[in-house]
Amino acid sequence: MEAEPNSHLAGDTFGPYRLERPLGRGAAAEVWEVVETGDLGFTKRQALKLLQPPPGEMETQKKALINEARVCGHLKHPGVVDVYRVGEHDGELYIAMEFVDGPDLNTLLVALRRHGIAIPVGAALDAAIDLTEALDYAHNAVDDVGEPLNIVHRDLK
């Protein structure tokens, strides 16, 4: 029998992380903006992905999360968030990663549309080029011994 997903609130602590605000929630995880605190006054703003799979899917989702972290550990590109750590705290798995401040592209496009503003063609082309360069990098990425990572991204934001 699997435990119910933990419920988290802004201001809670999760290991060395203080939860600031939720950034998103999917079928098997939630993502929070957090601040990591450490020795000698160290702090670092990050995004924290907390695994919270539906009942009966813990092992499958755990393997997927660990694989995601393993693969992301090989990637270093300006269009791909950096993964800092994968771990477990109080029985809950997490990935700590680079926090990118600002709206995702869809949120930006909806806001522009709501205000009757068309995205300039040059800006749209720049975004499309940046996105395709990041996807090309990930698609062609290899591990430390040159083996393809076989990445197919299914959740673009």
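Cut-off values and rules
Residues numbered from 1 in each chain as written. Predicted model: local features only at pLDDT ≥ 70, side-chain atom pairs only at ≥ 80, totals over all residues. Heavy atoms only, no water. Patch = residues over 30% accessible without salt bridge, like charges linked within 9 Å, V, L, I, M, F, W, Y side chains within 5 Å. Areas by Shrake-Rupley, 256 points an atom, 1.4 Å probe, with all protein chains shown as cover. Salt bridge = Lys/Arg side-chain N within 4 Å of Asp/Glu carboxyl O. Lys, Arg positive; Asp, Glu negative; His and termini not counted. Charge placed at Lys NZ, Arg CZ, Asp CG, Glu CD. Buried < 20%, exposed > 50% of the residue type's maximum accessible area, 1.4 Å probe, protein only. Helix = DSSP H or I, 4+ residues; strand = E, 2+ residues; numbered from the N terminus. pLDDT = per-residue confidence, 0-100. Polar contact = N/O pair within 3.5 Å; in protein donor to acceptor, adjacent residues only side chain to side chain. Contact = heavy atoms within 4.5 Å. Pairing = 2+ DSSP bridges.

**A short note on a negative patch on the surface**
Part 1 of the reasoning: A contiguous patch of negative charge, built from Asp126, Asp130, Glu133 and Asp136, is present on the exposed surface.
Part 2 of the reasoning: You can call Asp130 partly exposed: its relative accessible area is 48%.

**A word on unusual backbone geometry**
The phi torsion of most residues other than glycine is negative, and most of the peptide bonds are trans.
Part 1 of the reasoning: If you check the backbone angles, Leu40 has positive phi at about 60 degrees while not being a glycine.
Part 2 of the reasoning: For Leu40, the position within the fold is in the loop between β3 (29-37) and β4 (43-51).
Part 3 of the reasoning: Of note in the backbone geometry, Asn150 takes a positive phi value of approximately 55 degrees without being a glycine.
Part 4 of the reasoning: With respect to the helices, strands and loops of the structure, Asn150 is situated in the segment after α3 (121-139).

**A short note on the confidence of the model for the protein chain**
Part 1 of the reasoning: On average, the protein chain scores 88 in pLDDT, and the residues at 70 or more come to 94%.
Part 2 of the reasoning: Least confident of the elements in the protein chain is helix α1 (residues 58-72), whose mean pLDDT is 83; most confident is strand β1 (residues 13-14), at 96.

**Some thoughts on the side chain of Gln46**
Part 1 of the reasoning: Structurally, Gln46 can be placed in strand β4.
Part 2 of the reasoning: Assessed through its relative accessible area of 1%, Gln46 is described here as buried.
Part 3 of the reasoning: A distance of 2.5 Å separates the side chain of Gln46 from the side chain of Glu36, its partner in a polar contact.
Part 4 of the reasoning: Ignoring anything within four residues of it in the chain, the contact list for Gln46 reads Tyr17, Trp32, Glu33, Val34, Glu36, Tyr84, Ala96, Met97 and Phe99.

**Some points on the sheet that holds strand β2 (residues 17-25)**
Part 1 of the reasoning: Spatially, β1-β2-β3-β4-β6-β5 is the arrangement adopted by the six strands of the open sheet, whose pairing is antiparallel. With one partner strand each, in any of the chains shown, β1 and β5 (83-89) form the two edges of the open sheet.
Part 2 of the reasoning: Of the strand pairs in this sheet, β2 and β3 are connected by seven bridges, and their pairing is antiparallel. Bridge assignment links Arg18 to a residue of β3, and that residue is Val35.

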